[in-house]
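Here is what each chain is made of, one letter per residue.
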Amino acid sequence: MKYKVQYGFAHEILGEAKLFLIKGGSSMTQQIELLAPAGSWDAFVAAVENGADAVYLGGTLFSARKYASNFELAAIKEACDYAHLRGAKVYVTVNTLIDEGEFIAAAEFISRLHNIGVDAVIVQDIGLMHLIIKLIPGMPVHASTQMAIFNSFGVQHLKEIGLERVVLARELSLENISLIHQKVPEAELEVFSHGALCVSYSGQCLMSSLIGGRSGNRGACAQPCRLTYQLVDAAGNTAAVAEVGEHLLSPKDLYTLELLPDLVEAGVKSLKIEGRMKRPEYVATVVANYRQALDMLDSDEHYLIKSEQEQELKQIFNRDFTNAFLKGNPGKDYISFNRPNNRGLLLGRVQNYNSASKQALIKLEIPLAVGDGIEIWVSQGGRVATSVGRILLGKHQVDEAVPGQAVLIDLPKRVNPGDRVFKNHDHKLMTKAQESYKDNKKRLIPLIFNAKAAIGEPLRLTAKDELGNLVEIKSDFIGERAEKRPLAEEVLRNQLDRLGNTAFKIEELTFDIEPGVMIPMSVINQVRREAIEALEARRLETYRRNKIDIGQVMYEVKQLSKNESSNKPSKKDSVMPSLAVHVGNSNSVEAALNEGIDVVYLGGEDYRSGQRFTKDELISALRKCREHRVAAILVLPRIIHDNQAAEVIRKYTTIVEQAQPSGLLVGNLGGVNIAKEYFNKLPLYGDYFLNVFNSQAMEYFAKEGLQQVALSPELTLKQLQQLAGAKVATELIVHGSLLMMTAEYCPVGSLLGGRVKNKNCSVPCTGKTFGLKDRIKEVFPMEQDQFCRSYIYNPKKLCMIDQVKELAKLKANSWRLELKTANSVEVQETIRLYKKEISLYYNDVSGFAGVSGEASKEELAKYSPKGFTRGHYYRGVLES
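Residues numbered from 1 in each chain as written. Predicted model: local features only at pLDDT ≥ 70, side-chain atom pairs only at ≥ 80, totals over all residues. Heavy atoms only, no water.

## Thoughts on the overall build of the protein chain
And then number 1: Helices and strands together make up the secondary structure of the protein chain, namely 25 helices and 45 strands.
And then number 2: The C-alpha atoms of the protein chain give a radius of gyration of 31 Å, which matches the 29 Å a tight globule of 880 residues would have.
And then number 3: Taken over the C-alpha atoms alone, the protein chain extends approximately 110 × 75 × 50 Å along its principal axes.
And then number 4: Residues classed as buried in the protein chain amount to 59% of the 880 residues present.
And then number 5: Within the protein chain, residue pairs in contact and separated by at least 24 positions form 73% of the contacts whose partners lie at least 6 positions apart.
And then number 6: For the protein chain, the exposed surface amounts to about 35400 Å²; the carbon and sulfur share of it is 47%.
And then number 7: Across the protein chain, the mean location of the 108 positive side-chain charges is 3 Å away from that of the 105 negative side-chain charges. (Helix = DSSP H or I, 4+ residues; strand = E, 2+ residues; numbered from the N terminus. Rg over C-alpha atoms; globule rule 2.2 N^0.38 Å. Buried < 20%, exposed > 50% of the residue type's maximum accessible area, 1.4 Å probe, protein only. Contact = heavy atoms within 4.5 Å. Areas by Shrake-Rupley, 256 points an atom, 1.4 Å probe, with all protein chains shown as cover. Lys, Arg positive; Asp, Glu negative; His and termini not counted. Charge placed at Lys NZ, Arg CZ, Asp CG, Glu CD.)

Encoded structure:
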């Protein structure tokens, strides 16, 4: 059914409220899951008590929120029981890349999660996913948003290998979510619905990793996107000033309360709230408001969002709100330019400041109470924050004040008339949130009790829950004739209602008591306890699964490791690797061919700066490569949304038919399926964006038919040595500009192109290059593609030309020069020098004649004025 949704305001009848008129009523959200975060036990209880259908949390191992409190195994078991009793589920995040030496620990951890009864694990690493499916097949797996799944081809790929659910990338529109659902209707789609946003596609960001060694793929992101930057042109001059602030990469917080009908209609199965680093009060408030909205959507034809709901969500935490890309590219409206953290709600403006009394007069726009926290955005001198200790209304001290009133507040520092005042802590809201979970009494299971007592009979108690589970308990004690105090209904009621800290409450209680019967209080209490225990066991039983032999799983993982070790080549093997180059234009192809390159990668994203190929240029370049007997690998664009797929596939089909490339390079699981469906005669190569981090990932892609994979640039020489001699050919990125971030949002279009919500960009990037200058004056080069995405590069180029001997030990089949953004002169010179150093090493009979590569490195230095980096070859990310 198509739901017709009308948006509007109903001020006269409903006050400040958004009214959504929906046809469909109660059938609309019966299967929609509200999924909440938990970074601590209190946050977990807050999520469940406030109505979450499921909670996701991290263990102490392999969690992408390394700095959250996280949960020990015993706590996860307790959480499962707590949630399952109340009809909720628990998902555990195992969503980091897994090192070769971590597989035994990972397999043991997930096996224990399986036996505990965890409802699913959320996984990023394709190698770990492959291992779970192979060795722990009863463990449900959800694909993390870290896998960067943004089209139906990627969803289909994961569905085919047995995954139940895919957490989609946060850059998708409602249109594309709907297209995915239409094309893969049997897949469960999960989307983020509220909370913090990453500016880059998740799992595709190396910025924190390459700058400071803290890898987002290992759960240790330092959030460089929340820092300040300036947009500069190719010469390093300021290209635009963000009049509202310099946090050019810091997104607002996601908010979708008003879009829930659209998300449901698009086919979303689970609505996910972000926030494993947030306080329990945040979790309680957000979950409660989304629960209320979903229940209203489910039960009433009138979907009503009250202003109080949106206000509570903003008050508890916001960087201002955005719908992200759900309704299209919001451009400038996507970013919180002024500040990267909580801004609270606008309380009012300063009317005056008395320096003698150190008091500010503030005209209120929203209520204020003693205990609230406020922050004044001072026009000169930064910000002033304080907790409100007293409020003066005229000469009278009050506990609270209402909108429209002007109040005096004690402030230790001077502020100025006109300064904005924000309330960033609401004492009443925090208290309300805490009370919702502190006694575990908000989400109780209704029971129907029937008690029967008679002389000469045991006390019988039947208990039935809302799921229809029925238990009957009989006492060992036989009812006696009372001499003094026969059993009264009120006494029995009071004793049975003493459910304490259990998950139950009595909804209905009936009696059948023979007059004059005596039953001791201890017997009544015992029967009640046994009934509750029996119901708990019955409810938990539905979540139990057959336990697996953890020792056997670990043994099989060890055997896999032994098999991988036996496949490694001997140290005597010394095969010269192919030298490959990734180029961005026709002139660079000519330069590469002139220097005798072995492999050329070309195609992919078309950069508006000029690093691009037209369709005819690609065809011509591929043909020239074939004439020179050089392998020419066509690069498939990595990010292809469903509403762009037909255009891309049509273009590439023509190119493949006319130019017959040597293979196709893909950087995403969706790309693997596109290649299989449309270009199945071409050899398939995997790019480093696939995050191949271990031998299990290599084995997986070998089984998928890939002939070669580029290994993760976050691996060290030592880690790479462990992967030498795998079942699939390997490639190393040894030189060039490493892509640090891929974003659907574009700073250039937002600041120079006038792009805002419902207004397209004027494309000022055409033929130009821009960069982002950080606080220490480092400029990060930036490109924009044909779909207005932005790509941020490391200003320091990777250079391993002086490390040929170390690289040779890794036995890789191919070494790649990443020169997509370089000009033809740099391409030609870089190829020449690398070929020289490789030849000196591999052709010298003594193994290595003291050639260091330092002279060649100095020659290349002019192409990297910010200096060189060795990336992660010597600095890993495992301990970040």
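## Here's the deal with the pairing of strand 37 (residues 706–710)
And then number 1: For strand 37, a buried count of four out of five residues is recorded, marking the element as mostly surrounded by other parts of the structure.
And then number 2: Where the polypeptide runs from strand 36 (residues 684–686) across helix 20 (residues 695–703) and back to strand 37, its parallel neighbour, the crossover connection is right-handed.
And then number 3: With three bridges joining them, strand 37 and strand 38 (residues 729–736) adopt parallel strand pairing. Opposite A710, over in strand 38, you have E731 as the bridge partner. (Right-handed = clockwise from strand over helix to strand, strands pointing away. Pairing = 2+ DSSP bridges.)

## Some thoughts on the packing of helix 10 (residues 280–299) against helix 11 (residues 307–316)
And then number 1: Where helix 10 contacts helix 11, the axes come no closer than 10 Å and their chain directions differ by 160°. Relative to helix 11, the element helix 10 lies roughly antiparallel. Read as a crossing pair, helix 10 and helix 11 show a hand that is left-handed. Residues E281, Y282, T285, V286, N289, Y290, Q292 and A293 of helix 10 lie in contact with helix 11, whose contacting residues are Q309, E312, L313 and I316.
And then number 2: Tallied by class, residues from the contact of helix 10 with helix 11 come to six nonpolar, four polar and two charged. (Axes fitted to C-alpha atoms, helices over the stretch in contact; angles between N-to-C directions. Parallel < 35°, antiparallel > 145°, perpendicular 65-115°, else oblique. Left-handed = near helix turned anticlockwise from the far one by under 90°. Nonpolar A, V, L, I, M, F, W, Y, C, P; charged D, E, K, R; others polar.)

## Focus: the environment of V656
And then number 1: Within the fold, V656 resides in helix 18 (residues 642–659).
And then number 2: For V656, a relative accessible area of 16% corresponds to the buried category.
And then number 3: Remark: the alpha-carbon pair of V656 and L618, spanning 38 residues in sequence, is separated by 9.9 Å.
And then number 4: Discounting residues that sit within four places of it in the chain, V656 has contacts with L634, P661, F679 and L682.

## As for the pattern of salt bridges
And then number 1: On inspection of all chains with the given rule, the structure shows 45 salt bridges.
And then number 2: Put simply, K651 and D606 hold a salt bridge, and the shortest N to O gap is 3.2 Å. Note that K651 is positioned in helix 18 and D606 in the loop between strand 33 (599–603) and helix 17 (615–627), a separation of 45 residues in sequence.
And then number 3: D606 sits in the buried class, given a relative accessible area of 7%.
And then number 4: Taking the shortest distance from any N to any O, the salt bridge between D785 and R789 comes out at 3.9 Å.
And then number 5: A relative accessible area of 1% means that D785 is categorised as buried.
And then number 6: Here R789 falls in the buried class, since its relative accessible area comes to 0%. (Salt bridge = Lys/Arg side-chain N within 4 Å of Asp/Glu carboxyl O.)

## Remarks on helix 5 (residues 126–135)
And then number 1: Here helix 5 lies mainly inside the structure; eight of its ten residues are buried.
And then number 2: All of the buried residues along helix 5 are I126, G127, L128, M129, H130, L131, I132 and L135.
And then number 3: If you check the start of helix 5, you find a side-chain oxygen 2.7 Å away from the backbone N of G127, and it comes from D125. (Polar contact = N/O pair within 3.5 Å; in protein donor to acceptor, adjacent residues only side chain to side chain.)

## With respect to the environment of S173
And then number 1: Within the element layout of this structure, S173 appears in the loop between strand 8 (165–167) and helix 7 (174–183).
And then number 2: In the structure, S173 is positioned 154 residues away from K327 in sequence and 5.9 Å away in space, judged by C-alpha atoms.
And then number 3: When residues no more than four places from it in sequence are discounted, the contact partners of S173 are F325 and L326.

## Remarks on the sheet that holds strand 22 (residues 396–398)
And then number 1: Strand order across the open sheet formed by eight strands is 20-19-25-16-17-24-21-22, with antiparallel pairing between neighbours. The open sheet terminates on both sides in strands that have one partner only, identified here as strand 20 (383–387) and strand 22. Here the strands of the sheet are splayed against their neighbours by 35° on average, with no regard to which way each runs.

## What to know about the pairing of strand 38
And then number 1: For strand 38, a buried count of seven out of eight residues is recorded, marking the element as mostly surrounded by other parts of the structure.
And then number 2: Here strand 38 runs beside strand 44 (residues 814–819); their pairing, made up of five bridges, is parallel. Directly across from E731, in strand 44, lies its bridge partner S814.
And then number 3: With two bridges connecting them, strand 38 and strand 43 (residues 797–799) associate as antiparallel partners. Across the sheet, residue H735 finds its bridge partner in strand 43, namely C799.

## A word on the side chain of N691
And then number 1: Position of N691 among the secondary structure elements: in the loop between strand 36 and helix 20.
And then number 2: Overall, N691 belongs to the buried group, its relative accessible area being 9%.
And then number 3: At 2.9 Å, the side chain of N691 and the backbone oxygen of G203 are in polar contact.
And then number 4: Not counting the four nearest positions on each side in its chain, N691 is found in contact with L97, Q124, G203, Q204 and N217.

## Overview of the sheet that holds strand 40 (residues 770–773)
Backbone-to-backbone hydrogen bonds join strands into a sheet, with any given pair of strands oriented parallel or antiparallel.
And then number 1: Strands sit in the order 11-10-40-41-42-39 across an open sheet of six strands; the sheet is antiparallel. Taken across any chain shown, the strands that pair with only one partner, and hence form the sheet edges, are strand 11 (238–240) and strand 39 (739–743). On average, each strand axis in the sheet is inclined to that of its neighbour by 35°, with strand direction left out of account.
And then number 2: Bridge count for strand 10 (residues 230–233) against strand 11 is two bridges, and the pairing is antiparallel. Residue L231 lies in a different strand from strand 11, and its bridge partner there is A240.

## Comments concerning the packing of aromatic side chains
And then number 1: Applying the stated rule across the entire model yields 18 aromatic pairs.
And then number 2: Three or more aromatic residues joined by ring pairs form one cluster here, namely W41, F44 and Y82.
And then number 3: Taking NZ or CZ as reference, R383 lies 4.6 Å from the ring centre of W377, over its face.
And then number 4: Positioned above the aromatic ring of F689 is the side chain of R638, whose terminal nitrogen or guanidinium carbon lies 3.7 Å from the ring centre. (Phe/Tyr/Trp six-rings, centres within 6.5 Å; stacked < 30°, edge-to-face > 60°. Lys NZ or Arg CZ within 6 Å of the ring centre and 35° of its normal.)

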